[in-house]
Amino acid sequence: MEQSHDVRDKVEDCADDLASKNEAVKQLISDGATTLSARKLLNESKVVEARVQECADDLHRVTETLAHGVEDLKTVELALARSRKALARTESSLAVSKEEERRSKLLALHDAATGLPNRVLFDDRLSHALSLAERQQWTLAVMFLDLDRFKSINDQFGHAAGDAVLKEVAQRLLQHARDEDTVCRNGGDEFLYLLVNPQGTENVERIARNILAKVSVPIQLGTLELVISPSIGIALFPDHAVNGADLIARADAAMYRAKRGLRGYAVHGQAEALDSELTARLERNHELRSS
């Protein structure tokens, strides 16, 4: 392009020279100039014409060079277009790969049957919650849930019905949980429920009673109506344990106590106490047996 500009400038200079020479010749002729003077000017004009021709040749060479450059540019643009397509395919493959990686991580940290976090993710969240609770001087509660007589559902109606019950229980627990809480399937018919800063034992027991009521609502599976209830064991940080493994173990032990009791839940280390409704129920049962 620089060469083209240089040639253009030369051509313009020559054109100016040629025009001035031609004007001078015309003036001399009109003034009756001698043949010698006119011939001299014409010779000078021919010199200018030669320069113009030289510039024209230079311009032709530059044009050819530019033409080759344009062809090279087209080749480069085609290669660039192919590269962009290849890059787009690569980006698409990368996006698919990232999505597959995300799904793999999700599957690795969640229960396939219910979609709930699995024990690995629960332990990680419990560890973080314990660190935060220690700094903020909060309480934590771990509830260990086991579905009573769940095996009979599998035995009587098949594993498909059992899986449907597990999914429904998981959804009911999730609907009850707050954003900061975590519900986990521990395996089989067991669930773990982490309560962050539940504001005292009484509130935890209230939540446990609500969960008992919610999970115990009959589950409709086609023409089947299945009733299942959980037993819930509760352990508190820092009252009953200061690490995750001990909290879960204390809640597990309390859950077995709950199975032997009447309330459906038990708090670690807390003596069993019957409320008025349960006491009345026991008295009625005693009267019926006596009669």
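Calculation notes
- Residues numbered from 1 in each chain as written.
- Predicted model: local features only at pLDDT ≥ 70, side-chain atom pairs only at ≥ 80, totals over all residues.
- Heavy atoms only, no water.
- Phe/Tyr/Trp six-rings, centres within 6.5 Å; stacked < 30°, edge-to-face > 60°.
- Lys NZ or Arg CZ within 6 Å of the ring centre and 35° of its normal.
- Helix = DSSP H or I, 4+ residues; strand = E, 2+ residues; numbered from the N terminus.
- Polar contact = N/O pair within 3.5 Å; in protein donor to acceptor, adjacent residues only side chain to side chain.
- Contact = heavy atoms within 4.5 Å.
- Buried < 20%, exposed > 50% of the residue type's maximum accessible area, 1.4 Å probe, protein only.
- Core = buried A, V, L, I, M, F, W, Y, C linked by side-chain atoms within 4.5 Å.

Enquirer: Is there a simple way to think about the packing of aromatic side chains in this case?
Expert: The geometry of two aromatic rings is summed up by the distance between their centres and the angle between their planes. Overall, the coordinates contain 0 aromatic pairs when judged by the stated rule. Lying over the aromatic face of Tyr-265, Arg-263 brings its terminal NZ or CZ to 4.6 Å of the ring centre.

Enquirer: Before we go on, may I ask you to explain the side chain of Asp-148 in this structure?
Expert: As for its placement among the helices and strands, Asp-148 is situated in the loop between strand 1 (140-147) and helix 4 (150-157). Separated by 2.6 Å, the side chains of Asp-148 and Lys-259 make a polar contact. Setting aside residues no more than four positions away along its own chain, Asp-148 makes contact with Ile-228, Ser-229, Pro-230, Ser-231 and Lys-259.

Enquirer: Even after reading the chapter, I still don't get the side chain of Arg-185, so can you show me in this structure?
Expert: With respect to the helices, strands and loops of the structure, Arg-185 is situated in strand 2 (residues 182-187). On the accessibility criterion, Arg-185 (15% relative accessible area) is buried. At 3.2 Å, the side chain of Arg-185 forms a polar contact with the side chain of Asp-111. The residues touching Arg-185, leaving out its near neighbours within four places in the chain, are Asp-111, Ala-113, Thr-114, Leu-116, Pro-117, Asn-118, Arg-119, Leu-166, Glu-190 and Phe-191.

Enquirer: Please clarify how the nonpolar core should be interpreted in this entry.
Expert: Where a protein is soluble and globular, its nonpolar side chains tend to be buried together. Counting residues in each nonpolar core, the largest one holds 32 residues, and the members touching the most others are Met-143, Leu-173, Phe-191, Tyr-193, Ile-211, Ile-232 and Ile-234. Looking at this core, the elements with two or more residues in it are strand 1, helix 4, helix 5 (159-176), strand 3 (190-196), helix 6 (201-215), strand 6 (230-237) and strand 7 (265-267). Residues within four places of Ile-211 in sequence aside, it is in contact with Met-143, Leu-145, Leu-173, His-176, Tyr-193 and Ile-232. Core analysis: the second largest hydrophobic core is formed by 19 residues, Leu-126, Ala-129, Ala-241 and Met-255 among them.

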